[in-house]
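Examining the three-dimensional arrangement
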Amino acid sequence: NRCTESLQSNVERLKLYMSKLLLFPKKSGTKSVKKGDAPRSQLQNVAQNTLKEIIPVPKPALRIKARAVTSGEKEQSAYKTLKKARTNKRYLGAKMKKAKAAEAKDA
């Protein structure tokens, strides 16, 4: 569940599973029936599931077709972009402190 799309697909799959699930009461009698147990009318002719998978998980298409590299991608360097982001993150506090000091000096 690293992204919202996979989280939403898992939530939908679990909701579908819970809608198909029938819970039998542990004991017979009116006191033993708990919240969420299926009523007796639904439990009369229920067949037990013997399949390996109750609800199969759909497999996403992993294959991406090859395409030509664009001129913008050729000009841009992934290493330089990541290095610049890393440097900006490292010196962010010092930059903010310097800007605050300059603002205080002007005022």
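Within each chain, residue numbers correspond to sequence positions counted from 1 in written order. Given that this is a predicted model, residues contribute local features only at a pLDDT of at least 70 and side-chain atom pairs are listed and counted only at 80 or more, while totals for whole chains, interfaces and linings are drawn from all residues. Excluding hydrogens and water, the side-chain values take into account all heavy atoms of the structure.

A few words now on the overall build of the chain. Comment: elements are numbered from the N terminus, with helices defined as DSSP H or I runs of at least four residues and strands as E runs of at least two. Within the chain one finds four helices and zero strands. Listing each helix as α and each strand as β along the chain from the N terminus yields α-α-α-α. Taken across its 107 residues, the chain has 5% of its residues classed as buried. To sort residues, take the accessible area from a 1.4 Å probe on protein chains only and compare it with the maximum for the residue type: under 20% means buried, over 50% means exposed, and anything in between is partly exposed.

As a note on interpretation, predicted positions should not be read in detail where pLDDT is low. Note on scores: pLDDT gives the predictor's confidence for each residue, bounded by 0 and 100. Taken over all residues, the pLDDT of the chain has a mean of 83, while the share at 70 or more is 86%. Looking over the chain, one finds the lowest element-wise mean pLDDT in helix α1 (residues 4–20), namely 86, and the highest in helix α3 (residues 78–90), namely 96.

So, on to a nonpolar patch on the surface. The patches described consist of residues with a relative accessible area above 30% and no salt bridge, like charges being joined within 9 Å and nonpolar side chains (Val, Leu, Ile, Met, Phe, Trp, Tyr) within 5 Å. Accessible surface is estimated by sampling points in the Shrake-Rupley manner with a 1.4 Å probe; for residues, cover comes only from the protein chains shown. For this document, the term salt bridge refers to a Lys or Arg side-chain nitrogen within 4 Å of an Asp or Glu carboxyl oxygen. There is a patch of nonpolar side chains on the surface, built from Tyr 17, Met 18, Leu 21, Leu 23 and Ile 54 and spanning about 440 Å² of accessible area. Its place among the elements puts Ile 54 in the loop between α1 and α2 (71–75). Take Ile 54: its relative accessible area is 48%, and that puts it in the partly exposed class.

For a helix, the expected span equals 1.5 Å multiplied by the residue count minus one. Spanning 13 residues, α3 covers 18 Å between terminal C-alpha atoms, matching the ideal 18 Å at 1.5 Å per step. The buried fraction of α3 is low, at zero of 13 residues.

On to the environment of Phe 24, then. Looking at the element boundaries, Phe 24 is found in the loop between α1 and α2. When its relative accessible area of 48% is taken as the criterion, Phe 24 is described as partly exposed. It only takes one pair of heavy atoms within 4.5 Å for two residues to be counted as in contact. Beyond its immediate chain neighbours, meaning those up to four positions away, Phe 24 contacts Asp 37, Leu 43 and Val 46.

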